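Inside the fold
Below are the chains, spelled out letter by letter.
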Amino acid sequence: MDKVTKVAGGLKNPEIFKASLNAITEWDNLLKEYNGKLIPEEIVKKTKIFQENQKWIKEVKGKGYDILDTGGGSTSTFYNMEKEVVYGSKN
Amino acid sequence: MAAKIKSKIKTVNRLILNEFTFLESIYDYKPESNSKSDSLFIESLEVTYTNTIKKRSVRISYFMGLAYDELKFTFNASIYRMPYSDSEDFFSLNNYLGSINKNYSTSLINHFDKNEAVIILRKIANSLKDHASQILNGEVWLRNYYPRKD
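These remarks concern the structure in this document. (Residues numbered from 1 in each chain as written. Chains lettered and ligands numbered in written order. Predicted model: local features only at pLDDT ≥ 70, side-chain atom pairs only at ≥ 80, totals over all residues.)

**Things to note about the overall build of chain B**
What counts here: To qualify as a helix, a DSSP run of H or I must reach at least 4 residues; to qualify as a strand, a run of E must reach at least 2; elements of each kind are numbered from the N terminus. The quantity called the radius of gyration is restricted to C-alpha atoms. Its globule counterpart is 2.2 Å times the number of residues to the power 0.38. In this scheme every C-beta is placed from the backbone, and a residue whose C-beta has 20 or more other C-beta atoms within 10 Å is buried, one with 12 or fewer is exposed, and one in between is partly exposed. The contact rule is simple: place each C-beta atom from the backbone, and if two of them lie within 7 Å, those residues are in contact.
Within chain B, the secondary structure is distributed over five helices and six strands. Over its C-alpha trace chain B gives a radius of gyration of 15 Å, about what one expects of a compact globule, namely 15 Å for 150 residues. With the C-alpha coordinates of chain B rotated into their principal frame, the extents come out at 50 × 35 × 25 Å. Taking all 150 residues of chain B together, the buried fraction comes to 36%. Taking as baseline every contact in chain B between residues at least 6 positions apart, the subset at least 24 positions apart corresponds to 55%.

**Brief notes about the interface of chain B and chain A**
Taken together, the 27 residues of chain B in the interface contact 24 residues of chain A. Of all the secondary structure elements, the ones that give two or more residues to the side of chain B that touches chain A are strand E3 (56-67), strand E4 (70-81) and strand E5 (90-92) of chain B.

**Notes on the packing of helix H2 (residues 21-34) of chain A against helix H4 (residues 48-62) of chain A**
Residue and element names in this part refer to chain A. Where we set the bar: Angular values range over 0 to 180 degrees, each being the angle between N-to-C directions of two axes fitted as lines to C-alpha atoms, with helices fitted over their stretch in contact. Roughly parallel means an angle under 35 degrees; roughly antiparallel, over 145; roughly perpendicular, 65 to 115; everything else is oblique. Each residue is assigned to one of three groups, with Ala, Val, Leu, Ile, Met, Phe, Trp, Tyr, Cys and Pro labelled nonpolar, Asp, Glu, Lys and Arg labelled charged, and all others, Gly among them, labelled polar.
Viewed as axis vectors pointing N to C, H2 and H4 meet at an angle of 135°, and their least axial separation amounts to 8 Å. The angle between the axes of H2 and H4 places the two elements in the oblique class. Of the residues in H4, those in contact with Asn-22, Ala-23, Ile-24, Glu-26 and Trp-27 of H2 are Lys-48, Ile-49 and Glu-52. Its residues assigned to classes, the contact of H2 with H4 comprises four nonpolar, one polar and three charged.

**Re the nonpolar core**
In plain terms, the rule: Put simply, a nonpolar core is a cluster of buried Ala, Val, Leu, Ile, Met, Phe, Trp, Tyr and Cys residues tied together by C-beta atoms within 7 Å.
Formed by 45 residues in total, the largest nonpolar core has its most connected members in Ile24(A), Ile16(B), Val58(B), Phe91(B) and Leu121(B). Residues contacting Phe91(B), with those up to four places away along its chain left out, are Ser78(B), Ile79(B), Tyr80(B), Tyr96(B), Ile135(B), Leu142(B) and Tyr145(B).

**Describing the pairing of strand E2 (residues 43-51) of chain B**
Residues and elements named next belong to chain B. What counts is decided by this rule: One bridge is not enough; two strands pair if DSSP finds at least two bridges between them.
Direction of pairing for strand E1 (residues 30-36) relative to E2: antiparallel, over a ladder of seven bridges. Residue pairing for E2: Asn-34 is matched across the bridge by Glu-46. Here E1 hands over to E2 after six residues, the two strands then running antiparallel side by side. Hairpin remark: E2 followed by E3, antiparallel, with four residues in the connecting loop; positive phi at Lys-55, about 60°.

**Quick look at the pairing of E3(B)**
Residue and element names in this part refer to chain B. Burial analysis of E3 places ten of its twelve residues in the buried class, the great majority of the element. Pairing geometry for E3 and E4, over twelve bridges, is antiparallel. What sits directly across from Phe-63, in E4, is Thr-74. Linking E3 back to E4 in an antiparallel pair, the connection comprises two residues, with Tyr-68 at a positive phi of about 50°.

**Re the packing of helix H1 (residues 9-19) of chain B against helix H4 (residues 114-131) of chain B**
All names here are of chain B. For clarity, the cut-off: Two helices cross in a left-handed way if the nearer one is turned anticlockwise from the farther one by less than a right angle. They cross in a right-handed way if the turn is clockwise.
Their axes nearest at 10 Å, the elements H1 and H4 cross at an angle of 40°. Put simply, H1 runs oblique to H4. As H1 runs across H4, the sense of the crossing is right-handed. For the pair H1 and H4, contact is made by Thr-11, Val-12, Leu-15, Ile-16 and Glu-19 and by Lys-114, Ala-117, Val-118, Leu-121, Arg-122 and Ala-125, respectively.

**Examining the environment of Leu136(B)**
All names here are of chain B. By the element assignment, Leu-136 lies in helix H5 (residues 133-136). Considering only alpha carbons, one finds Leu-136 and Leu-23, 113 residues apart in sequence, at a separation of 8.4 Å. In contact with Leu-136, other than residues within four places in its own chain, are Tyr-27, Arg-56, Val-58 and Leu-128.

**Overview of unusual backbone geometry**
A cis amide bond, omega -5°, links Met82(B) with the succeeding residue Pro83(B). The phi dihedral of Asn35(A) falls on the positive side, at around 45°, and the residue is not glycine. Structurally, Asn35(A) is set in the loop between H2 and helix H3 (41-44). Positive phi outside glycine occurs at Asp69(B), with the angle close to 65°.

**Some words on H4(A)**
Residues and elements named next belong to chain A. Selection rule: Helix span, expected: 1.5 Å multiplied by one less than the number of residues in the helix. It is the directions from the helix axis to the C-beta atoms that the arc portrays.
The terminal C-alpha atoms of H4, which comprises 15 residues, lie 21 Å apart, in line with the 21 Å expected from a rise of 1.5 Å per residue. Taken residue by residue, H4 has Ile-49, Phe-50, Asn-53 and Ile-57 as its buried positions. Relative to the axis of H4, the buried residues are bounded by an arc of 95° and lie together on one face. Looking at H4, the residues exposed on the side facing more than 90 degrees away from the buried face are Lys-55, Glu-59 and Gly-62. Close packing links the buried residues of H4 with H2, H3 and helix H5 (77-87).

Structure (structure tokens):
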């Protein structure tokens with residue numbers, strides 16, 4: 001997220017994903033529950049932050065925005081979802 | 001898990017209100033409790049303390065869930081500044097304590113013990129007093145302590 005914010009800082013009228021308060025609280029709680037262990041993908045996909053992120057990326061894609069790919073981990077459920085929406089594939 | 005699990009919401013709500021009275025007496029926050037269950041947690045409770053003048057809210061969370069086949073009763077705390085706009089307005093106590101290597105487990109595993117829950121809640125309350133006093137007072141805001149999604 002830091003990298004995204006940094007890149008967006010150099011752009012004119014950038015749109016970046018903003019998680020709702022309930023979504024970010026839920027995510028913070030989940031991280032605490034798993035306490036450093038990997039959160040299974042099927043659990044991540046049930047979270048509000050994942051669903052909000054998915055809705056957002058579909059919307060910006062649908063509106064024809066230029067989308068800057070700032071990269072991400074290949075095992076990130078979020079990044080893979082974004083790539084599937086943007087490129088039609090997570091690879 | 002076949003056995004029906006007894007809800008801890010009422011007990012935990014009482015424990016939280018008891019352990020976080022300092023937010024009311026010292027910082028003049030007002031509590032409000034909300035409980036729910038969803039696909040992520042078997043049950044959860046959020047006691048949100050708000051001070052509209054200081055423009056801060058503190059959320060003390062309790063949630064029961066299954067993580068890697070362990071039944072966990074977990075507690076957590078976060079603060080947000082009002083009005084909330086995005087993650088920069090969110091302060092994760094967990095994230096902050098991790099950054100200074102003072103993190104600790106706040107979960108009870110497979111068995112809920114009231115006394116242990118009190119010990120955990122007291123630790124969280126002390127962490128807020130020790131590390132977030134100025135935030136609670138509305139004097140400062142610490143950025144970049146939100147949970148990152150990747």
